[in-house]
Amino acid sequence: MTGRREERRIAIDILYQADLTDAVPSDVLRGWVDAGREVPVFSRELVEGVAEHQPVIDLLLEDAAQGWSVARMTALDRTILRVAVEELRHREDVPPSVAISEAVEAAAELSSEDAKRFVNGILGKIAREPGAG
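What counts, and at which threshold
Residues numbered from 1 in each chain as written. Predicted model: local features only at pLDDT ≥ 70, side-chain atom pairs only at ≥ 80, totals over all residues. Heavy atoms only, no water. pLDDT = per-residue confidence, 0-100. Helix = DSSP H or I, 4+ residues; strand = E, 2+ residues; numbered from the N terminus. Phe/Tyr/Trp six-rings, centres within 6.5 Å; stacked < 30°, edge-to-face > 60°. Lys NZ or Arg CZ within 6 Å of the ring centre and 35° of its normal. Expected span 1.5 Å × (residues − 1). Buried < 20%, exposed > 50% of the residue type's maximum accessible area, 1.4 Å probe, protein only. Axes fitted to C-alpha atoms, helices over the stretch in contact; angles between N-to-C directions. Parallel < 35°, antiparallel > 145°, perpendicular 65-115°, else oblique. Left-handed = near helix turned anticlockwise from the far one by under 90°. Contact = heavy atoms within 4.5 Å. Nonpolar A, V, L, I, M, F, W, Y, C, P; charged D, E, K, R; others polar.

(A) Expanded view of the confidence of the model for the protein chain. When pLDDT is averaged across the protein chain, the result is 94; 96% of the residues are at 70 or more. When mean pLDDT is taken per element in the protein chain, helix α2 (residues 25–34) scores highest with 98 and helix α6 (residues 113–128) scores lowest with 94.

The structure is reproduced here in C-alpha coordinates:
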(Lines give C-alpha, C1' and ligand atoms only; values in the text may rest on other atoms or scores of the structure.)
Protein backbone atom coordinates (compact mmCIF):
# COMPACT_ATOMS: atom_id res chain seq x y z
CA MET A 1 0.00 0.00 0.00
CA THR A 2 1.32 3.39 -0.88
CA GLY A 3 0.82 6.66 0.95
CA ARG A 4 -0.35 9.93 -0.51
CA ARG A 5 3.24 11.23 -0.84
CA GLU A 6 4.23 8.23 -2.95
CA GLU A 7 1.03 8.48 -4.97
CA ARG A 8 1.75 12.16 -5.62
CA ARG A 9 5.27 11.25 -6.76
CA ILE A 10 3.88 8.70 -9.21
CA ALA A 11 1.62 11.40 -10.67
CA ILE A 12 4.62 13.75 -10.91
CA ASP A 13 6.65 11.03 -12.66
CA ILE A 14 3.91 10.36 -15.21
CA LEU A 15 3.27 14.04 -15.91
CA TYR A 16 7.00 14.78 -16.09
CA GLN A 17 7.44 11.96 -18.61
CA ALA A 18 4.53 13.32 -20.65
CA ASP A 19 6.03 16.82 -20.58
CA LEU A 20 9.52 15.68 -21.59
CA THR A 21 8.27 13.48 -24.42
CA ASP A 22 5.51 15.87 -25.52
CA ALA A 23 3.02 13.05 -24.99
CA VAL A 24 -0.59 13.12 -23.85
CA PRO A 25 -0.63 12.38 -20.09
CA SER A 26 -3.37 9.76 -20.49
CA ASP A 27 -1.20 7.91 -23.03
CA VAL A 28 1.75 7.87 -20.61
CA LEU A 29 -0.57 6.71 -17.81
CA ARG A 30 -1.88 3.91 -20.03
CA GLY A 31 1.69 2.93 -20.89
CA TRP A 32 2.56 2.64 -17.23
CA VAL A 33 -0.48 0.46 -16.54
CA ASP A 34 0.17 -1.68 -19.64
CA ALA A 35 3.75 -2.19 -18.43
CA GLY A 36 2.41 -3.60 -15.16
CA ARG A 37 3.36 -0.61 -13.01
CA GLU A 38 1.07 0.15 -10.10
CA VAL A 39 -0.72 3.46 -10.50
CA PRO A 40 -2.95 4.12 -7.48
CA VAL A 41 -6.33 5.83 -7.87
CA PHE A 42 -5.11 9.10 -6.31
CA SER A 43 -2.21 9.21 -8.78
CA ARG A 44 -4.54 8.61 -11.72
CA GLU A 45 -6.92 11.31 -10.52
CA LEU A 46 -4.08 13.83 -10.23
CA VAL A 47 -2.78 12.99 -13.72
CA GLU A 48 -6.27 13.24 -15.22
CA GLY A 49 -7.04 16.44 -13.31
CA VAL A 50 -3.83 18.17 -14.38
CA ALA A 51 -4.44 17.12 -17.98
CA GLU A 52 -8.01 18.44 -17.89
CA HIS A 53 -7.21 21.72 -16.14
CA GLN A 54 -3.70 22.41 -17.50
CA PRO A 55 -4.57 25.53 -19.55
CA VAL A 56 -6.09 27.25 -16.50
CA ILE A 57 -3.36 25.92 -14.18
CA ASP A 58 -0.70 27.32 -16.49
CA LEU A 59 -2.40 30.74 -16.55
CA LEU A 60 -2.44 30.77 -12.75
CA LEU A 61 1.25 29.80 -12.67
CA GLU A 62 2.25 32.51 -15.15
CA ASP A 63 0.29 35.14 -13.25
CA ALA A 64 1.85 34.14 -9.91
CA ALA A 65 5.37 33.73 -11.34
CA GLN A 66 5.51 37.37 -12.51
CA GLY A 67 7.97 37.44 -15.37
CA TRP A 68 8.42 33.68 -15.70
CA SER A 69 6.51 31.91 -18.41
CA VAL A 70 5.57 28.30 -17.75
CA ALA A 71 7.71 27.34 -20.76
CA ARG A 72 10.75 28.95 -19.08
CA MET A 73 10.34 26.88 -15.91
CA THR A 74 12.17 23.58 -15.74
CA ALA A 75 9.96 20.65 -16.72
CA LEU A 76 10.26 19.17 -13.24
CA ASP A 77 9.38 22.39 -11.43
CA ARG A 78 6.37 23.11 -13.64
CA THR A 79 5.17 19.52 -13.17
CA ILE A 80 5.41 19.80 -9.38
CA LEU A 81 3.60 23.14 -9.52
CA ARG A 82 0.86 21.80 -11.80
CA VAL A 83 0.13 18.91 -9.42
CA ALA A 84 0.02 21.26 -6.43
CA VAL A 85 -2.29 23.73 -8.19
CA GLU A 86 -4.57 20.85 -9.18
CA GLU A 87 -4.76 19.94 -5.50
CA LEU A 88 -5.28 23.56 -4.39
CA ARG A 89 -8.05 24.24 -6.89
CA HIS A 90 -9.77 20.91 -7.46
CA ARG A 91 -9.14 18.55 -4.53
CA GLU A 92 -11.30 19.31 -1.51
CA ASP A 93 -9.80 16.25 0.20
CA VAL A 94 -6.33 17.85 0.25
CA PRO A 95 -5.83 20.80 2.63
CA PRO A 96 -4.02 23.73 0.98
CA SER A 97 -1.19 23.55 3.52
CA VAL A 98 -0.61 19.89 2.61
CA ALA A 99 -0.61 20.58 -1.14
CA ILE A 100 1.96 23.34 -0.67
CA SER A 101 4.19 21.48 1.78
CA GLU A 102 4.21 18.33 -0.35
CA ALA A 103 5.15 20.35 -3.44
CA VAL A 104 7.94 22.15 -1.58
CA GLU A 105 9.21 18.83 -0.27
CA ALA A 106 9.13 17.31 -3.76
CA ALA A 107 11.04 20.31 -5.14
CA ALA A 108 13.63 20.01 -2.36
CA GLU A 109 14.12 16.28 -2.94
CA LEU A 110 13.85 16.15 -6.72
CA SER A 111 15.01 19.55 -7.95
CA SER A 112 17.07 22.25 -6.22
CA GLU A 113 17.16 24.55 -3.22
CA ASP A 114 16.19 27.41 -5.53
CA ALA A 115 13.26 25.35 -6.82
CA LYS A 116 12.06 24.84 -3.25
CA ARG A 117 11.82 28.61 -2.68
CA PHE A 118 10.37 29.21 -6.17
CA VAL A 119 7.62 26.59 -5.69
CA ASN A 120 6.78 27.84 -2.20
CA GLY A 121 6.50 31.46 -3.37
CA ILE A 122 4.30 30.71 -6.36
CA LEU A 123 1.98 28.36 -4.48
CA GLY A 124 1.70 30.83 -1.60
CA LYS A 125 0.47 33.50 -4.03
CA ILE A 126 -1.99 31.13 -5.69
CA ALA A 127 -3.32 29.87 -2.34
CA ARG A 128 -4.09 33.45 -1.25
CA GLU A 129 -6.12 34.18 -4.40
CA PRO A 130 -9.91 33.94 -4.38
CA GLY A 131 -11.06 30.48 -5.42
CA ALA A 132 -8.03 28.71 -3.96
CA GLY A 133 -8.49 25.71 -1.74
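(B) Summary view of the packing of aromatic side chains. For the structure shown, the criterion picks out one aromatic pair. Here Arg37 stacks its cationic end above the ring of Trp32, 3.6 Å away from the centre of that ring. Against the face of Trp68 rests Arg72, its NZ or CZ located 3.8 Å from the ring centre.

(C) Just helix α4 (residues 75–90), in detail. Between its first and last C-alpha, α4 extends 22 Å over 16 residues, near the 22 Å set by a 1.5 Å rise per residue. In terms of burial, α4 is a largely internal element, 14 of the 16 residues being buried.

(D) Inspection of the packing of α4 against helix α5 (residues 96–110) at higher detail. As a packed pair, α4 and α5 sit with axes 9 Å apart at the nearest point and diverge in direction by 170 degrees. Here α4 is positioned roughly antiparallel relative to α5, judged by the angle of their axes. Classified by chirality, the crossing of α5 by α4 is right-handed. In this structure, α4 contributes Leu76, Ile80, Ala84, Glu87 and Leu88 to the contact, and α5 contributes Pro96, Ala99, Ile100, Ala103, Ala106, Ala107 and Leu110. Taken together, the residues of the contact of α4 with α5 break down into 11 nonpolar, no polar and one charged.

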